[in-house]
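Coordinates in review
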Amino acid sequence: MESDSLPPPPTFSPAVPPYVKLGLTVAYTIFYSLLFAFVYVQLWLVLRYRHKRFSYQTVFLFLCLLWAALRALLFSFYFRNCVTANTLGPFAFWLLYCFPVCLQFFTLSLMNLYFAQ
């Protein structure tokens, strides 16, 4: 029989060791959390010093705040269970994976609009 003489199929191993994945998850979560805190303080300073509340600056900061919050939330899911984070429902998947890309597009469009003036 020919199938008995074939070698066993190769096994797959993770491309990145677990300690590297954990280190990157920690680094990204800390980075996005610090970004969230920095933008949050900036928005409070806008309120404190009575700057114009609806301006390019505040809209940009609010979009950055929302983006950083969604990214920090996504990477915090990876601490518990990576499989659960990758098998979310349709709305949660869209909110955590797709919507931040839309926010980046809105932010860059806002910057283009600002510099075009």
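Since this is a predicted model, take the numbers as computed values, not measurements. (Residues numbered from 1 in each chain as written. Predicted model: local features only at pLDDT ≥ 70, side-chain atom pairs only at ≥ 80, totals over all residues. Heavy atoms only, no water.)

As a further point, take the overall build of the protein. When you go through the protein residue by residue, the secondary structure sums to 4 helices and 0 strands. Tracing the protein from N to C terminus, the helices and strands come up as α-α-α-α. Rg of the C-alpha trace for the protein: 21 Å, well past the compact-globule value of 13 Å for 117 residues, more than 25% over. Taken along the three principal axes of its C-alpha coordinates, the protein extends 80 × 30 × 25 Å. (Helix = DSSP H or I, 4+ residues; strand = E, 2+ residues; numbered from the N terminus. Rg over C-alpha atoms; globule rule 2.2 N^0.38 Å.)

Here we come to the packing of helix α2 (residues 56–80) against helix α4 (residues 90–116). Where α2 contacts α4, the two axes come as close as 10 Å, and the packing angle between them is 160°. As summarised for this structure, α2 and α4 are arranged roughly antiparallel, according to the angle between their axes. Along this stretch, α2 crosses α4, giving a crossing that reads as left-handed. (Axes fitted to C-alpha atoms, helices over the stretch in contact; angles between N-to-C directions. Parallel < 35°, antiparallel > 145°, perpendicular 65-115°, else oblique. Left-handed = near helix turned anticlockwise from the far one by under 90°.)

Moving on: helix α1 (residues 18–48). Helix length check: α1, at 31 residues, gives a terminal C-alpha distance of 45 Å against a target of 45 Å (1.5 Å per residue), a fit within 8%. Within α1, burial applies to T25, T29, Y32, V39, L43 and V46. Check the buried side of α1 and you find it contacts α2. (Expected span 1.5 Å × (residues − 1). Buried < 20%, exposed > 50% of the residue type's maximum accessible area, 1.4 Å probe, protein only. Contact = heavy atoms within 4.5 Å.)

Counting 14 residues, the largest nonpolar core has Y32, W67, L70, L96, Y97 and L103 as the members making the most contacts within it. Every element with two or more residues in this core is listed here: α2 and α4. For this core, the element with the highest residue contribution is α2, accounting for 7 residues. In this structure, V39, V46, L61 and C64 belong to the second largest nonpolar core, which totals 6 residues. (Core = buried A, V, L, I, M, F, W, Y, C linked by side-chain atoms within 4.5 Å.)

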